[in-house]
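# Structural features, examined
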Amino acid sequence: MSDSATAGGVGSGAGDGTRAVRAGLPEPVKYEPTLPGPVFAAHFHLPGEATGPYKYGRDENPTWTHLERAIGELEAPGQDGVETLVFASGMAAISSVLFSQLRAGDAVVLPDDGYQVLPLVREQLTAYGIEVRTAPTGGDAQLDLLDGAKLLWMETPSNPGLDVCDVRRLADAAHARGALVAVDNTLASPLGQRPLELGADFAVASGTKQLTGHGDVLLGYVAGTDASAMAAVRRWRKVVGAIPGPMEAWLAHRSIATLQLRVDRQNATALILAKALRERAEVTGLRYPGLPDDPSYKIASQQMRRYGCVVSFTLPTRTRAERFLDALRLVDDATSFGGVRSTAERRGRWGGDAVPEGFVRLSVGAEDPEDLLADVLRALDESAR
């Protein structure tokens, strides 16, 4: 793998845990740390012609390089010609793809049930003279809007509704019409889904969530297979300056080593919790792609390797949902997902999501499954009083 390979990496046949632990490590050097510390330099020595890899801190940084290689090894193990770029946040990564690839007069297809900041992105795209078409994630509804589009943007599973679309089917259809394809892989993580292997041109994600997993780093990334398209993304990053700090990049790389451990624990517990919630009369609209009776299960099982750590459901009223959240003891009321500490929130409090007032998005952490399950069931009981 050209841009994602590293001397400290592992072969494409290695397991996810081995790959996560070894991803992005440099060639071992005697007496040097196995994972070099963050490089805080804004500028580098440049005698003579500036031909080396590191010239100025807005363009490149050795700490980013290690992290970008690590992410590339997770998103596309064994795949040649993949480039990865890290950003200051997930929205910086999303914006870099959209605004580097689209021009006035172009058309883009977005999900209408995706991340709640996307409506703001739509407003900005429209202000720049870009036609924005939207359709739900479920049922591959975006398929009907592809004619004449320059870019298809998928978010699967969708956040917060957890609908899933057929990435390969949509990607093939988009490419047949000359459109580029981007997939927001935040909710699945690279251990749950590999969009580039499914035909996408870009895999985009917020590393703030499960990739780093501790709720202490804002980060985003774009991995892509099209050299020209990625050059435009890189140029956009330079022009806008949407770069991560070296400390954030180093913390992210350190965190990736435990990714497989965290993901497997969280996914297993999420399924246990979803099965228990299915038996509760007050719970409606339960969604988890790993449940065999979930509407997304068939497609998710074909393209996902793990189903994720997020469970969504609806309680009868806003008041009931708020009482439930207040009664939880092992689950923080916070607006994020993928962390080692479980979080939940009444998603409607933010606006921007077409969800019922009692809709709850719950992200399963790394607590003992029996403890978390007991806490959730107790909170449901208490909230009914």
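Residues numbered from 1 in each chain as written. Predicted model: local features only at pLDDT ≥ 70, side-chain atom pairs only at ≥ 80, totals over all residues. Heavy atoms only, no water.

### What to know about the packing of helix H8 (residues 259-277) against helix H11 (residues 369-383)
Between H8 and H11, the shortest axis-to-axis distance is 10 Å and the interhelical angle comes to 35°. Our pair here, H8 against H11, has a crossing hand that is right-handed. Contact with H8, carried on its side by Arg-265, Thr-269, Ile-272, Leu-273, Ala-276 and Leu-277, involves Pro-369, Leu-372, Leu-373, Val-376 and Leu-380 of H11 and no other residues of that element. Considered class by class, the residues forming the contact of H8 with H11 number nine nonpolar, one polar and one charged. (Axes fitted to C-alpha atoms, helices over the stretch in contact; angles between N-to-C directions. Helix = DSSP H or I, 4+ residues; strand = E, 2+ residues; numbered from the N terminus. Left-handed = near helix turned anticlockwise from the far one by under 90°. Contact = heavy atoms within 4.5 Å. Nonpolar A, V, L, I, M, F, W, Y, C, P; charged D, E, K, R; others polar.)

### Looking at the pattern of salt bridges
Under the definition given, this model contains 33 salt bridges. Ionic pairing is found between Asp-294 and Arg-287, a salt bridge with its closest N-O pair at 2.9 Å. Residue classification places Asp-294 among the buried positions, given a relative accessible area of 6%. Salt bridges sharing partners connect three or more residues here, namely Asp-16, Arg-19, Arg-194, Glu-197, Asp-264, Arg-305 and Arg-306. (Salt bridge = Lys/Arg side-chain N within 4 Å of Asp/Glu carboxyl O. Buried < 20%, exposed > 50% of the residue type's maximum accessible area, 1.4 Å probe, protein only.)

### Examining the confidence of the model for the protein chain
Across the protein chain, the average pLDDT comes to 95, with 98% of residues at 70 or higher. For the stretch residues 1-7, pLDDT sits under 50, and the model shows 26 contacts to residues farther than four places along the chain or on other chains. (pLDDT = per-residue confidence, 0-100.)

### Observations concerning unusual backbone geometry
Keep in mind that most residues, glycine aside, have a negative phi and that most peptide bonds are trans. Here the residue pair Thr-156 and Pro-157 is connected by a cis peptide bond, since its omega of -5° sits within 30 degrees of zero. With respect to the element layout, Pro-157 can be found in the loop between strand E4 (151-155) and helix H5 (167-176). A cis geometry characterises the amide bond from Asn-159 onward to Pro-160, with omega recorded as 15°. In this fold, Pro-160 is placed in the loop between E4 and H5. Despite not being glycine, Tyr-31 shows a phi value in the positive range, around 70°. The residue Tyr-31 is located in the loop between helix H1 (16-22) and helix H2 (62-75) in this model. Residue classification places Tyr-31 among the exposed residues on the basis of a relative accessible area of 73%. Even without being glycine, Leu-162 reaches a positive phi, approximately 65°. Mapped onto the secondary structure, Leu-162 falls in the loop between E4 and H5. On the basis of relative accessibility, which here comes to 0%, the residue Leu-162 falls in the buried class.

### A closer look at the sheet that holds strand E6 (residues 202-206)
Here seven strands make up an open sheet; going across it, the order is E1-E7-E6-E5-E4-E2-E3 and the pairing mixed. Edge positions in the sheet fall to strand E1 (83-87) and strand E3 (131-135), since each of these pairs with one other strand and no more. Put simply, the sheet's adjacent strands are angled 20° from each other on average, direction ignored. Relative to E3, helix H4 (residues 118-127) is tilted by about 150°, and along the sheet it contacts strand E2 (107-111), E3 and E4. Set on the sheet, H5 makes contact with E4 and strand E5 (180-184); between it and E4 the angle comes to about 170°. (Pairing = 2+ DSSP bridges.)

### Quick look at the pairing of strand E9 (residues 310-314)
Counted residue by residue, E9 has five buried out of five residues, so it is predominantly covered. Residues Val-310, Ser-312 and Thr-314 point to one face of E9 and Val-311 and Phe-313 to the other, with burial holding for every one of them. Of the pairings in the sheet, the one linking strand E8 (residues 284-287) to E9 comprises two bridges and is antiparallel in character. From the neighbouring strand, Thr-284 faces E9, where its bridge partner is Thr-314. In the sheet, E9 pairs with strand E12 (residues 359-363) via five bridges, with the strands oriented antiparallel. Within E12, the residue paired with Val-311 across the bridge is Leu-362.

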